[in-house]
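# Structure assessment
What follows is each chain in one-letter form.
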Amino acid sequence: MNQSNHYETIVIGAGPAGLTAGIYLARARVKTLIMNEGIVGGQIILTYEIANYPGIEKISGHQLATIMKKQAESFGCTIINGKAIKKIELENEVKSITLSDDSVFTADTIILSPGGRSRTLEIKGEDDFKGKGISYCATCDGDFFTDKEIVVVGGGNSALEEAVSLTKYAKKVTIVHMLDKFQASEYVIEEAKKNPKINFIMKSSLSSFEGKESIESVNIKNLETKEITNFKTDGVFVFIGYVPNTEFLKDKIELNKRGEIVVKGDMSTNKEGVYAAGDSTAKQFRQITTAVADGTIAALSVSNYLEKSRIINN
């Protein structure tokens, strides 16, 4: 075992959950490494402005991620960024991770916080307007569209519930759904249909986002007639599902049918010494604050686990 590449804890993922875990562990003098494939901050860097993080009136997602990263590093946490995981072994007492450059790191404990991503439409203009009119979180961004006209894409419980929620801010909400009926509970459908601010465009899908600096309109295709209509809008909320970044953990850890990591109350998994936190876990709500809470619990649980291991080994 290469001692220079051995850590007491390796955290996989540098979103709010992973960075919080790193802050708590490093501050507790636990030798900690955070591995991150993408940009530090995870999904929050897509949020132009955060106004519901307790204690902070307004801050951009990028700013908040930068602060968290600096905090973790100031306590001694090491962060490796921009490298994918090639191989991961969680069975043995000492866990092993091989990165894309074939470097190998080992750890006594692991915290899995790879996060996730909203399922996207994968149409023209979507990448250009993320955070500039396109949102995947009503709770995060709803109030930015006060007195605006917006589009909601989707037909499940989340789409309809979020559409109703968005009427607290927007003056008009248009739901675009590809089928002729919704895949939601009857109560949720009734609530959406009786709301005077909500309109419906059925058997249709978005074909592109249009605009200059931000979204100005969307092209909507009628799936029966194939006719495309340009529809003016101030913003679009997409609710067509959520994808956890757990493909690399298949057959390595217990996942549910949606690919989410199954955890107990202390954030432990079905593998000894392996914990998980954040949006990749099986949970109902996904917010920055819930990710931070998960990271805190996972870090404290790991600290307790390591302390007990030291006592036993001594």
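Since the model is a prediction, treat every value here as computed from it, not as a measurement. For every chain, the first residue of the written sequence is number 1, and numbering continues from 1 along that sequence. Confidence filtering applies because this is a predicted model: local features only for residues at pLDDT of at least 70, side-chain atom pairs given and counted only at 80 or more, and all residues used for totals across whole chains, interfaces and linings. Side-chain figures throughout are based on the complete set of non-hydrogen atoms in the structure, without hydrogens or water.

### Some details on the overall build of the chain
Only DSSP runs of H or I reaching four residues or more are called helices, and only runs of E reaching two or more are called strands; each is numbered from the N terminus. Assigned secondary structure in the chain consists of 7 helices and 17 strands. Radius of gyration here is computed from C-alpha atoms only, and the compact-globule reference equals 2.2 Å multiplied by the residue count raised to the power 0.38. For the chain, the C-alpha radius of gyration of 22 Å lies close to 20 Å, the compact-globule estimate for 314 residues. Residue burial considers only the protein chains on display, and all accessible areas are found by Shrake-Rupley using a 1.4 Å probe. Summed over its atoms, the accessible surface of the chain is roughly 15,900 Å², and 49% of this surface lies on carbon and sulfur atoms. Counted as positive: Lys and Arg. Counted as negative: Asp and Glu, with His and the chain ends omitted from the count. Where a charge lies is defined by one atom per residue type, namely NZ (Lys), CZ (Arg), CG (Asp) and CD (Glu). With 38 positive and 40 negative side-chain charges, the chain shows a separation of 0 Å between the mean positions of the two kinds.

### Some words on the sheet that holds strand S8 (residues 134-135)
Strand pairing in a sheet relies on backbone hydrogen bonds, with the paired strands running either antiparallel or parallel. Spatial strand order, S8-S15-S9-S10-S11: 5 strands in an open sheet with parallel pairing. The open sheet has two free edges, formed respectively by S8 and strand S11 (198-201), since each of these has just one partner strand. Pairing between two strands is assigned when DSSP locates at least 2 bridges connecting them. Here strand S10 (residues 172-176) runs beside S11; their pairing, made up of 4 bridges, is parallel. Note that in S11 the partner of Thr174 across the bridge is Asn199. Each of strand S9 (149-153), S10, S11 and strand S15 (235-238) is contacted by helix H5 (residues 157-166), which is oriented at about 165° to S9, the strand it contacts most. A contact between two residues is defined here by any heavy atoms of the two lying within 4.5 Å. All axes are obtained by fitting lines to C-alpha atoms, using only the stretch in contact for helices, and the reported angles, taken between N-to-C directions, cover 0 to 180 degrees.

### Description of the sheet that holds strand S12 (residues 204-211)
The 3 strands lie next to each other as S12-S13-S14, forming an open sheet whose pairing is antiparallel. Where the open sheet ends on each side, the last strands, each with one partner, are S12 and strand S14 (228-232). The mean angle between the axes of side-by-side strands here comes to 30°, regardless of whether they run parallel or antiparallel. Looking at chain direction, S12 and strand S13 (residues 215-222) are connected through 7 bridges and run antiparallel. Note on S13: the bridge partner recorded for Ser204 is Asn222.

### Observations concerning unusual backbone geometry
For Glu122, which is not a glycine, the phi torsion comes out positive at approximately 55°. The residue Glu122 is located in the loop between strand S7 (116-118) and helix H3 (126-129) in this model. For Asp251, which is not glycine, the phi torsion reads 70° and is therefore positive. Examined against the element boundaries, Asp251 turns out to sit in the loop between strand S16 (242-244) and strand S17 (274-276).

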